[in-house]
Amino acid sequence: MILPRIRQLDEGAVNRIAAGEVVERPASAVKELVENALDAQSTRVQVDISDGGRTLIRVTDDGHGIAAADLPLALSRHATSKIDGSDLLNVHSFGFRGEALPSLGAVGRLTITSRATGSDGAAMIHVSGGRIDPPKPAALRAGTVVELRDLFHATPARLKFLKTERSETMAVTDTIKRLAMAEPGVSFILRDTSDGGDRVVFRADAAATLADRLATVLGRDFAANALAIDAERDGVRLTGHAGLPTYSRGNAVHQYLFVNGRPVRDKMLTGALRGAYMDVLSKDRHPVAVLFVTCDPTMVDCNVHPAKTEVRFRDAGIVRGLIVSGLRHALAGAGHRASTTVAKATLGAMTPERPASPVYQMDRPSLGARAASYAAQRPEMPGFAERSARMEHPVQERASETPAESMPLGAARAQMHENWILAQTETGMIIVDAHAAHERLVYEKLKAQMRDHGIRAQALLIPEVMEVGSMAERLLDLDLSKLGLVLEGFGPGTVAVRETPAILGNCSAKALVQDLIEELEDDDDADPLSLQSRLDAILSRMACHGSVRTGRRMTAPEMNALLREMEATPHSGQCNHGRPTYVELQLSDIERLFGRS
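Throughout, residues of each chain are indexed from 1 in the direction in which the sequence is written. The predicted origin of the model limits local features to residues at a pLDDT of at least 70 and limits the giving and counting of side-chain atom pairs to 80 or more, whereas totals for whole chains, interfaces and linings rest on all residues. Hydrogens and water are ignored here; the side-chain numbers use all heavy atoms of the structure.

**Q** What am I meant to see in the overall build of the chain here?
**A** Scanning the chain from N- to C-terminus turns up 17 helices and 23 strands. Relative to its 597 residues, the chain shows a buried fraction of 46%. Here, residues are in contact when the closest pair of their heavy atoms is within 4.5 Å. Long-range pairs, those at least 24 residues apart, make up 70% of the contacts in the chain between residues at least 6 apart in sequence. On the chain, roughly 31,200 Å² of surface is accessible, and the fraction owed to carbon and sulfur atoms is 52%. Helix and strand labels come from DSSP, where a helix needs a run of H or I of at least four residues and a strand needs a run of E of at least two; each type is numbered from the N terminus. Note on classification: 1.4 Å probe, protein chains only; a residue is buried when its accessible area is under 20% of the maximum for its type, exposed when over 50%, partly exposed between these limits. Here the open area of atoms and residues is found with the Shrake-Rupley method and a 1.4 Å probe, where only the protein chains shown may cover a residue.

**Q** Can you help me understand the environment of glycine 143 in this one?
**A** Among the structural elements, glycine 143 can be located in strand E7 (residues 143–149). For glycine 143, a relative accessible area of 1% translates into the label buried. Residues glycine 143 and threonine 113 lie 30 residues apart in sequence; the distance between their C-alpha atoms is 8.5 Å. Every residue in contact with glycine 143, bar those within four places of it in the chain, is listed here: Asp61, Asp62, Gly63, Gly65, Thr113, Ser114 and Arg115.

**Q** Explain the state of the cysteines here, please?
**A** Linking two cysteines covalently through their sulfur atoms gives a disulfide. Note on terminology: pairs of cysteine sulfur atoms within 2.5 Å are recorded as disulfides. Overall, the coordinates contain 0 disulfides when judged by the stated rule. Not engaged in a disulfide, the cysteine cysteine 295 finds its nearest cysteine sulfur in cysteine 302; these two sulfurs lie 10.0 Å apart.

**Q** Honestly, the pairing of E7 in this entry has me stumped. Any pointers?
**A** Consecutive side chains of a regular strand alternate in pointing toward one face of the sheet and then the other. With 6 of 7 residues buried, E7 is to be regarded as a mostly interior element. When DSSP finds two or more bridges between a pair of strands, those strands are recorded as paired. As judged from the 6 bridges shared by strand E2 (residues 56–61) and E7, these two strands associate in the antiparallel manner. Bridge assignment links leucine 56 to a residue of E7, and that residue is arginine 149. Here strand E3 (residues 109–115) runs beside E7; their pairing, made up of 7 bridges, is antiparallel. Pairing of arginine 109 across the sheet is with arginine 149, part of E7.

**Q** For this particular structure, what's the right way to read helix H9 (residues 316–333)?
**A** Residues three or four positions apart in an α-helix share a direction because the helix packs 3.6 residues into each turn. With 18 residues, H9 extends 26 Å from end C-alpha to end C-alpha; this agrees with the ideal 26 Å at 1.5 Å per step. Within H9 the residues assigned to the buried category are Ile318, Val319, Leu322, Ile323, Val324, Gly326, Leu327, Ala330 and Leu331. Where the residues of H9 are buried, they touch strand E10 (226–233), strand E11 (236–243), helix H8 (267–276), strand E14 (289–294) and strand E16 (312–313). Positive phi appears at glycine 335, one or two residues downstream of H9, with a value of about 60°. Multiplying one less than the number of residues by 1.5 Å gives the expected span of a helix.

**Q** Just to check I follow, could you spell out the packing of aromatic side chains for this structure?
**A** Two measures describe an aromatic ring pair: the distance that separates the ring centres and the angle between the ring planes. When the centres of two rings from Phe, Tyr and Trp lie within 6.5 Å, Trp using its six-membered ring, the rings pair. Their planes under 30 degrees apart give stacked, over 60 give edge-to-face, and anything left gives tilted. Within this structure, the stated rule accounts for 2 aromatic pairs. Between phenylalanine 222 and tyrosine 247, the ring centres sit 6.2 Å apart and the planes meet at 50°, which makes this aromatic pair tilted. In this pair, phenylalanine 222 is assigned in helix H7 (residues 220–224) and tyrosine 247 in the loop between E11 and strand E12 (255–259), connecting sequence segments 25 residues apart. Side by side, phenylalanine 222 and tyrosine 247 carry an identical accessibility label, which is buried. Pairing phenylalanine 258 with phenylalanine 292 gives two aromatic rings, centres 4.5 Å apart and planes at 10°, and the pair type is stacked. Of this pair, phenylalanine 258 sits in strand E12 while phenylalanine 292 sits in strand E14; the two residues are 34 residues apart in sequence, bridging distant segments of the chain. In terms of burial, phenylalanine 258 and phenylalanine 292 fall into one category: buried.

**Q** Even after reading the chapter, I still don't get the sheet that holds strand E22 (residues 494–501), so can you show me in this structure?
**A** Whenever strands of a sheet pair, they do so through backbone hydrogen bonds, lying parallel or antiparallel. With antiparallel pairing, 3 strands are arranged side by side in an open sheet as E20-E22-E21. Each end of this open sheet is capped by a strand with a single partner; those strands are strand E20 (457–467) and strand E21 (486–489). Going across the sheet, the axis of each strand differs from the next one's by a mean of 20°, ignoring polarity. Sheet analysis places E20 next to E22, joined by 7 bridges and oriented antiparallel. In the sheet register, methionine 466 faces E22, and the bridge partner there is valine 495. All axes here are fitted lines through C-alpha atoms, helices being fitted over the stretch that makes contact, and every angle between N-to-C directions spans 0 to 180 degrees.

Laid out in structure tokens, this is it:
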């Protein structure tokens, strides 16, 4: 048997292996090059790509540049100007390993042209497949231009694993957007030059504030429906903006997390973000958020992932708790506020479609014909034209009281189909889902009672006996008495319900227990953060049984009382599943629906 010999790999093979870790796709190369530009104190970064970054990636910046004598060293592995190597935890820059440029030069054709601040001229160096040419003079006014052509030409097998040109372009765009959010004061331009074109894919001019930059990157809707976050605990600070629960998405791609200014994709941080919204969103919805965690660099290790997209905190519990508590405090402070996009979607659904063919003047009735038509259609009812068609409020308000119309949710005017409350405000109208709104109010009351002294229970005259099979033991082990629900064993696989929460009134004990069983079965597939989150999920199920049912007629005082309670209750803008409890339509929007604007 011949033993295998251990041999030292050559420099080119080492660089290609390193490139496999650092450069996964064109977006990875763009990330490394743009981060270098930001570390060079650039105020303007332009990225040009062709064919999704396969054939060309060019990054141009106005930073301090690289001295001509340092260009060959910049293409050596682990050569960097950002750290001295004495402390790998005290890192204040995006890059610090010195791996990006030699890795890119090993798998593509890389050209660097740079002019250092204060130097007499620029210099250029070229490397292809790991072979470095000597530097030579070049023409450049300031900054650095890094051009990478034919990515993976030295490792063509890697090209087979790339996605379509459109997918790769989207990945590059997402990378630029994340870095643009990390550096609001820097201008970013992304251009697609495929097939000789010059299409601007993304542009963000330097912004004075983070809010202005987020409005550019994520849109005005996010800016209008996001809450400012600013919390601090034990030397860790959390800032940023988080969307309202009703401004949620069907996936988690719109969650942007940063640690000391570095974009990361960390499971612990995303888990904490989801935990903060657990009480206001269903499991299939995801919040939109841009969060910045800032702490002493020695409290976090950013050298645990080849692409530096994951981090490890010295005390992850502090960071997780800060995210959950900071976001929940901000959401509670939003009160009954709901997303403005709900009203836009409603208006969009109500807007009639445009006619397929234009209406010419000859097809329009004359003024005289219209006047005669209106006169013929006038109803023969005395005083009809002078009276209002709205339902007047039956309760007379005192002179000292604030008019109900001036309240945020206005005054109730009618109830439609035994559920929908129509309220009038000073600037428009409100449509309220009475069942969803009351469900949230009951849920918040249940949580408050449990937090203070436990939920009050009411004894059943005749205990409800039901078979629950294998779930009997689990139900009895939970100790649901603090939730106002008292269960006792009544034989194998059977429980007896002796008390139910008083706030739920005359509810079906059997249906209540069945919902709890379903919640516990769902919980097996979830990631239970704590016992409190499980109890909150159970309370959410209970609240549905104690809320106003669709089909129940409400009096005007009841409807107005519900509106006033919504105004005073946190999270009342969305139900327990994250759906909106009301839609607000401005008077100008209503007039536009009828063509009056």
